[in-house]
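Chain residues, written in single-letter form:
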Protein chains: 2
Amino acid sequence: MEAITKDTNVVYIGQKPMMNYVLATGKKLGEVGSSVLIQARGKSISKAVDVALITLDRSNGGVKLDGIGINTEVLPGSDGNPLNVSSIKISLSKP
Amino acid sequence: MEAITKDTNVVYIGQKPMMNYVLATGKKLGEVGSSVLIQARGKSISKAVDVALITLDRSNGGVKLDGIGINTEVLPGSDGNPLNVSSIKISLSKP
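Notes on the structure follow. (Residues numbered from 1 in each chain as written. Chains lettered and ligands numbered in written order. Predicted model: local features only at pLDDT ≥ 70, side-chain atom pairs only at ≥ 80, totals over all residues. Heavy atoms only, no water.)

## Regarding the pairing of strand 3 (residues 64-76) of chain A
Residues and elements named next belong to chain A.
Next, step 1: Here strand 3 runs beside strand 4 (residues 82-93); their pairing, made up of 12 bridges, is antiparallel. Bridged to Gly67 within strand 4 is Ser91.
Next, step 2: Connecting strand 3 to the next strand, strand 4, in antiparallel fashion are 5 residues, including Gly80 with a positive phi near 90°. (Pairing = 2+ DSSP bridges. Helix = DSSP H or I, 4+ residues; strand = E, 2+ residues; numbered from the N terminus.)

## Points about the sheet that holds strand 1 (residues 9-12) of chain A
Residues and elements named next belong to chain A.
Next, step 1: Taken in spatial order, the 4 strands make up an open sheet running 1-2-4-3, and their pairing is mixed. Two strands bound the open sheet, and with one partner strand each, they are strand 1 and strand 3. Each strand of the sheet is rotated relative to its neighbour by a mean of 20°, with strand direction disregarded.
Next, step 2: In this fold helix 3 (residues 45-58) packs onto strand 2 (35-41), strand 3 and strand 4, with an angle of close to 0° to the strand it touches most, strand 4. (Axes fitted to C-alpha atoms, helices over the stretch in contact; angles between N-to-C directions. Contact = heavy atoms within 4.5 Å.)

## Looking at the relation of the copies chain A and chain B
Next, step 1: For the pair chain A and chain B, the superposition axis carries a translation of 0.0 Å, the fit reaches an RMSD of 0.0 Å, and the rotation angle comes to 180°. Expressed as a symmetry operation, the mapping of one chain copy onto the other fits a two-fold axis. When each C-alpha of chain A is compared by its distance to the rotation axis, Ser46 of chain A comes out closest, at 2.7 Å.
Next, step 2: Interface residue correspondence from chain A to chain B reaches 100%, placing this contact among same-surface, isologous pairings. (Least-squares fit on C-alpha atoms with pLDDT ≥ 70 in both.)

## A few points about the interface of chain A and chain B
Next, step 1: With 15 residues of chain A in contact, the opposing surface of chain B contributes 15 residues.
Next, step 2: Between chain A and chain B lies a buried interface of about 1,300 Å² when both sides are counted; carbon and sulfur atoms form 71% of it.
Next, step 3: Three residues, Leu53, Ile68 and Ile70 of chain A, lead the burial of chain A against chain B; their summed loss comes to 43% of the area buried on that side.
Next, step 4: The tally of links from chain A across to chain B stands at 0 salt bridges.
Next, step 5: The tally of links from chain A across to chain B stands at 7 residue pairs in polar contact (both at pLDDT 80 or more).
Next, step 6: Taken together, the elements giving at least two residues each to the side of chain A that touches chain B come down to helix 3, strand 3 and strand 4 of chain A.
Next, step 7: When residues in the side of chain A that touches chain B are grouped by element, the largest group, 6 residues, is from helix 3 of chain A.
Next, step 8: Class assignment of the residues belonging to the side of chain A that touches chain B gives a composition of 7 nonpolar, 6 polar and 2 charged. (Buried area = accessible area lost by both parts, 1.4 Å probe. Salt bridge = Lys/Arg side-chain N within 4 Å of Asp/Glu carboxyl O. Polar contact = N/O pair within 3.5 Å; in protein donor to acceptor, adjacent residues only side chain to side chain. Nonpolar A, V, L, I, M, F, W, Y, C, P; charged D, E, K, R; others polar.)

Encoded structure:
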């Protein structure tokens, strides 16, 4: 996934309202040939799926789902112990 | 996905503690050649990803991720209007 992350636009899903991320994703898919990677961790994963599906829906077939990857990331926890967190990457493109 | 749903075991992710679903998933992957479909809607999508990743992790390579699908489901809302809800299906198998 390293090369993909470098070459494409990435939208990281956080605590903002969902429509902020839908607009950000749509903006990065403005031109034909563009692509975007929607990334989220933990509880934000559901929101990432919402953002991807709304983007696909609003595009009326103009945007394509290229793939979905899930992974476990090991983060430093607040108590110093490593913390396993699930992550998702959803790849969309405008062919 | 219709045929897959009929032929495989399905674990629906709900409000129970995550480990309940990890154990249920592991049980359905007891035999070589078995497969399971982990399904969730809305906020439970994050938990479904956790369950899949923990199952993969605990299997030490014995369980394979076959695919991930996302979809918008239209449910009847509490006010009678249709409600769009995101859903995820994660397919795991023991080859």
